[in-house]
Amino acid sequence: MGIGFVGHPTRSIVVEESSQVGQVRREAQSLAQLAGFAELDAGRVTLAAVEIATNVLRHGRGGRVLLSLLQGRDGRGVEVCGIDRGPGFSLPQCLPDGYTTGVGSPGQGLGAIRRQAQMFDVWSDGRGAVVLARIYPERSRGQDLGYGALRLPMRQESACGDAWFLGGDGSRVLGVLVDGLGHGLLAAEAADAGIAAAATAADLRAEEVLARMHARMSSTRGAAAAVFEHDPQAGVVRFAGVGNIAAAIHLPGAPARGLASHPGIVGAQYRRAPAFVLPAEPGALLLLHSDGLQSRWSLGAYEGLAHRHPALVLAVLLRDFDRGRDDTGALAIRLGGRT
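Residues numbered from 1 in each chain as written. Predicted model: local features only at pLDDT ≥ 70, side-chain atom pairs only at ≥ 80, totals over all residues. Heavy atoms only, no water.

Draft legend 1. The arrangement of the overall build of the chain in detail. Within the chain one finds 7 helices and 16 strands. Taking 20 Å as the expected radius of gyration for a compact globule of 339 residues, we find that the chain reaches 19 Å, a close match to that expectation. Structurally, the chain occupies a C-alpha span of about 65 × 40 × 40 Å along its principal axes. Burial status across the chain gives 56% buried among its 339 residues. The contacts in the chain between residues at least 6 apart in sequence include a share of 69% that link residues at least 24 apart. Accessible surface, the chain: about 14200 Å² in total, of which carbon and sulfur atoms supply 49%. Each charge class in the chain can be summarised by its mean position, and for the 34 positive and 32 negative side chains these summaries are 1 Å apart. (Helix = DSSP H or I, 4+ residues; strand = E, 2+ residues; numbered from the N terminus. Rg over C-alpha atoms; globule rule 2.2 N^0.38 Å. Buried < 20%, exposed > 50% of the residue type's maximum accessible area, 1.4 Å probe, protein only. Contact = heavy atoms within 4.5 Å. Areas by Shrake-Rupley, 256 points an atom, 1.4 Å probe, with all protein chains shown as cover. Lys, Arg positive; Asp, Glu negative; His and termini not counted. Charge placed at Lys NZ, Arg CZ, Asp CG, Glu CD.)

Draft legend 2. Representation of the environment of Gly 170. Within the fold, Gly 170 resides in the loop between β8 (162–168) and β9 (173–180). For the pair formed by Gly 170 and Gly 2, sequence separation is 168 residues and the distance between their alpha carbons is 5.7 Å.

Draft legend 3. Structural context of the packing of helix α5 (residues 185–199) against helix α6 (residues 206–216). Between α5 and α6, whose axes approach to 8 Å, the crossing angle comes to 135 degrees. By the angle between their directions, the pair α5 and α6 is classed as oblique. Along this stretch, α5 crosses α6, giving a crossing that reads as right-handed. Across the interface between the two elements, Ala 193, Gly 194, Ala 196, Ala 197 and Ala 198 of α5 pack against Val 209, Arg 212, Met 213 and Arg 216 of α6. Here the residues of the contact of α5 with α6 sort into 6 nonpolar, 1 polar and 2 charged. (Axes fitted to C-alpha atoms, helices over the stretch in contact; angles between N-to-C directions. Parallel < 35°, antiparallel > 145°, perpendicular 65-115°, else oblique. Left-handed = near helix turned anticlockwise from the far one by under 90°. Nonpolar A, V, L, I, M, F, W, Y, C, P; charged D, E, K, R; others polar.)

Draft legend 4. Representation of helix α1 (residues 19–34). An ideal rise of 1.5 Å per residue puts 22 Å on 16 residues; α1 measures up with 23 Å between its terminal C-alpha atoms. Looking at α1, one finds that the buried residues are Gln 20, Val 21, Gly 22, Val 24, Ala 28, Leu 31 and Ala 32. Buried residues in α1 make contact with β2 (11–15), α2 (39–58), β3 (63–71) and β4 (76–84). Directly beyond the C-terminal end of α1, a positive phi value near 85 degrees is found at Gly 36. (Expected span 1.5 Å × (residues − 1).)

Draft legend 5. Structural detail: the packing of α1 against α2. It is the contact of α1 with α2, at a shortest axis distance of 9 Å, that shows an interaxial angle of 150 degrees. Between α1 and α2, the angle falls in the class roughly antiparallel. Read as a crossing pair, α1 and α2 show a hand that is right-handed. For the pair formed by α1 and α2, the contact residues are Val 21, Val 24, Arg 25, Ala 28, Gln 29 and Ala 32 on the first element and Ala 42, Val 45, Thr 46, Ala 49, Val 50, Ala 53, Thr 54 and Leu 57 on the second. Taken together, the residues that form the contact of α1 with α2 break down as 10 nonpolar, 3 polar and 1 charged.

Draft legend 6. Representation of empty space enclosed by the protein in the model. Tallied over the full model, the rule gives 2 cavities of 30 Å³ or more. Roughly 70 Å³ of volume is contained in the largest cavity. Phe 5, Gly 7, His 8, Thr 10, Ser 68, Leu 69, Leu 70, Glu 79, Arg 134, Tyr 147, Ala 149 and Trp 164 together form the lining of the largest cavity. Among the secondary structure elements, those contributing two or more residues to the lining of the largest cavity are β3 and β7 (147–152). At 3 residues, β3 tops the list of elements feeding residues into the lining of the largest cavity. Residues that form the lining of the largest cavity fall into these classes: 6 nonpolar, 4 polar and 2 charged. (1 Å grid on protein atoms, 1.4 Å probe; cavity = no way out; pocket = protein on both sides within 12 Å on 5 of 7 lines; lining within 4 Å. Points joined across faces, edges and corners; volume = space filled by probe spheres on them.)

Draft legend 7. Expanded view of the sheet that holds β9. Across the sheet, 6 strands lie side by side as β1-β8-β9-β10-β11-β14; this open sheet has antiparallel pairing. The two strands at the open ends of the sheet, each matched to only one other strand, are β1 (3–6) and β14 (276–279). Within this sheet the neighbouring strands show an average axis-to-axis angle of 15 degrees, counted without direction. Here β1 runs beside β8; their pairing, made up of 4 bridges, is antiparallel. Residue pairing across strands places Ile 3 opposite Gly 168, the latter belonging to β8. (Pairing = 2+ DSSP bridges.)

Just geometry here; none of it tells us what the structure is for.
Pasting the structure below:
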């Protein structure tokens with residue numbers, strides 16, 4: 001079955017004192033309702049969210065919880081991700097019920113989170129821990145898609161000038177990331193116009209999608225934008241970009257292969273942007289991000305991270321390379337899967 005999903009803004013809640021755990025619970029309930037979850041499934045979301053937020057506060061020395069609306073193979077889901085600044089932990093030690101690193105804790109946190117989630121992944125190192133849970137309705141097949149995405153407004157802003165779209169028809173996958181110039185409402189207007197154009201042209205080639213976006217965005221302030229299409233049968237990725245969207249294909253044990261964008265502004269200063277075609281080995285990770293993340297990072301510095309869920313990879317990069325002074329948009333997908 002095909003999908004076409006426009007990414008909703010990521011909800012980010014700072015967790016540094018106990019009342020903020022309650023805010024995480026309320027935001028998680030709201031997102032579960034938006035996803036159309038019934039009462040029992042919504043309860044699973046809030047349980048996982050509260051456990052993750054409590055772990056961030058008690059054992060992680062504070063941090064934040066990210067909440068996102070998901071697209072699975074057969075319906076919507078909710079992603080809960082905790083990012084802390086603690087000393088890290090041993091996952092095999094912490095998963096069994098009864099283990100705790102704190103006084104007064106029943107020691108059921110990570111095990112309880114894993115029981116609620118159809119997809120559960122964790123990263124822990126000297127800079128802190130990231131706990132990721134993806135929850136779908138219990139009666140659905142809950143088949144997770146191997147992608148991760150971020151759409152975070154700059155601090156103190158309510159509108160996000162970065163946006164993304166993911167589409168697929170069972171084999172071919174199309175992804176789009178847009179970074180509206182500047183930030184705030186006008187940047188969001190430009191990004192939303194580009195994504196709306198892409199969502200109605202998902203059956204076109206990457207460079208044709210970009211041209212449609214340019215035409216739709218001509219009345220806005222414009223944006224940087226990148227479009228990729230992956231054809232697993234042909235084993236290639238077609239990539240067309242304009243502006244400063246960073247993009248690369250990452251294969252464990254090999255140097256990253258950068259995907260170059262053309263100069264210009266989509267919706268304003270735009271010339272024809274022919275697509276680049278690159279081979280795409282099954283299992284490689286295709287990752288795009290705006291300049292809300294620093295670009296001087298390497299997955300090779302994180303042993304084993306390139307093999308993990310794309311959403312976990314993005315959360316670790318956000319933890320370590322968030323600029324903190326611009327909107328942040330990112331999209332990552334594991335190549336070779338079926339959408």
